[in-house]
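In case you want the letters, here they are:
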Amino acid sequence: MPGWLPRAMVLAFALYACFQLSSWAFDQLIGLLTNVLIAFFLALAIEPAVGRMASRGIRRGLATFLVFLGLTIFGVGFVVLLGSMLAGQIVDMVDEFPKYIDSVINWVNQTFHTELSRVEVQDSLLHSDWLQKYVQNSATGVLDVSTTVIGGLFRLLTIFLFSFYFAADGPRLRRALCSVLPPARQTEVLRAWEIAVDKTGGYIYSRGLMALISGVAHYILLVILGVPYAPALAVWVGLVSQFIPTIGTYLAGALPMLIAFTVDPWYALWVLGFVVIYQQFENYVLQPKLTAKTVDIHPAVAFGSVIAGTALLGAVGALVAIPAIATLQAFLGAYVKRYDVTDDPRVHGGSSRAPGRPLTSRMSRLLRGPGAVGRGGAEGSSDGPRQR
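Not measured: the values here are computed from a predicted model. (Residues numbered from 1 in each chain as written. Predicted model: local features only at pLDDT ≥ 70, side-chain atom pairs only at ≥ 80, totals over all residues. Heavy atoms only, no water.)

### With respect to the overall build of the chain
A count of helical and extended segments in the chain gives 13 helices and zero strands. Of the regular secondary structure in the chain, the N- to C-terminal order runs α-α-α-α-α-α-α-α-α-α-α-α-α. Taken across its 388 residues, the chain has 26% of its residues classed as buried. In the chain, 62% of the contacts between residues at least 6 apart in sequence involve partners at least 24 apart. Of the roughly 27000 Å² of accessible surface on the chain, 69% is carried by carbon and sulfur atoms. (Helix = DSSP H or I, 4+ residues; strand = E, 2+ residues; numbered from the N terminus. Buried < 20%, exposed > 50% of the residue type's maximum accessible area, 1.4 Å probe, protein only. Contact = heavy atoms within 4.5 Å. Areas by Shrake-Rupley, 256 points an atom, 1.4 Å probe, with all protein chains shown as cover.)

What follows is the structure in structure tokens.
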């Protein structure tokens, strides 16, 4: 046996063991790493506000605390207002539920010539097997729901703590990172950090502005239609439609449609039509103008990045995909050498061929034949002299 073979076998087994250990550790820590990623982007988003307050003499820790306090007050107030709205609306729907059942039964009886009654329908529902199974599953799932809520609160607290440390100790973190790098690399890291702060802050700013415009537009519509809880619904539509990518618009429009349906079924159709029309206005008019200077990425690239982020990290990847791609694009743009574009018609979507006759004139000339003579001598000429 060669002398190097035992050492190679030991090294191979050691590398395999390290790979398995790393895979196990990554699977165990994927939740923590995801929380740290969210906290890092949240810290980048609030970095401009914290930096402005720190430049005015406020300690960085206190400035970070004040920013988070404002975010917490806004979030708690929004949840409480939305919860009270939903609770009141659910109570109203439960009170009006017998009327809805009577109207549906009357429509069925008139349409299909049946003789159904609400008492029979209620008895059949109360004594059905699927309802009993649903109640049993709901009773056993209360503990799971409680565990999920507690886990979500703990995860939210973890994200807030990490983002607070990232924002409050941002300069110290940058110094610690640059201390282990050569001077040339330090400049690149600081430039990348600055680009990330600008792009993430710009993304949050543009989304917040579009959320405000969307909320005001939907609030005006809901007030005109007389839908209750118009302010809470407008805030819901603005936030959900802008900060949940791809499907946020449809999730945001579902709740106002449901509330409008309780007032008048036709109002739900009005809300649906307005949501669709406003979405087109936002995609093709509002969003390109607001994000041209903040994010500045192509809509197709943004859509693809959201899909890729969702495939990798789920909802978290969908949220951080656009600012991450914008940061990467801006950082790599400094290393891509660009040249002046030649003045070629093909650049502007034209053709390199010389401009010819219109298609109709060419077709008519082909039909007349190669020896055809134009009336004014413009289309062709004869072989001999013209006779009088």
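Anyway, onward from the coordinates.
### What to know about helix 8 (residues 230-243)
Taking 1.5 Å of rise per residue, the 14 residues of helix 8 would be expected to cover 20 Å, and the 20 Å separating its terminal C-alpha atoms lies within 8% of that figure. Taken together, the buried positions of helix 8 are Ala230, Ala232, Leu233, Ala234, Val237, Gly238, Val240, Ser241 and Gln242. (Expected span 1.5 Å × (residues − 1).)

### Focus: a nonpolar patch on the surface
Nonpolar side chains collect at one region of the surface, where Phe26, Leu29, Ile30, Leu32, Leu33, Leu312 and Leu313 lie side by side and expose about 640 Å² of accessible area between them. Taken together, the elements giving at least two residues each to the nonpolar patch come down to helix 1 (4-55) and helix 11 (299-313). Top contributing element to the nonpolar patch by residue count: helix 1, with five residues. Within the secondary structure layout, Leu32 lies in helix 1. A residue is classified by how much of its surface remains accessible, and Leu32, at 39% relative accessible area, is partly exposed. (Patch = residues over 30% accessible without salt bridge, like charges linked within 9 Å, V, L, I, M, F, W, Y side chains within 5 Å. Salt bridge = Lys/Arg side-chain N within 4 Å of Asp/Glu carboxyl O.)

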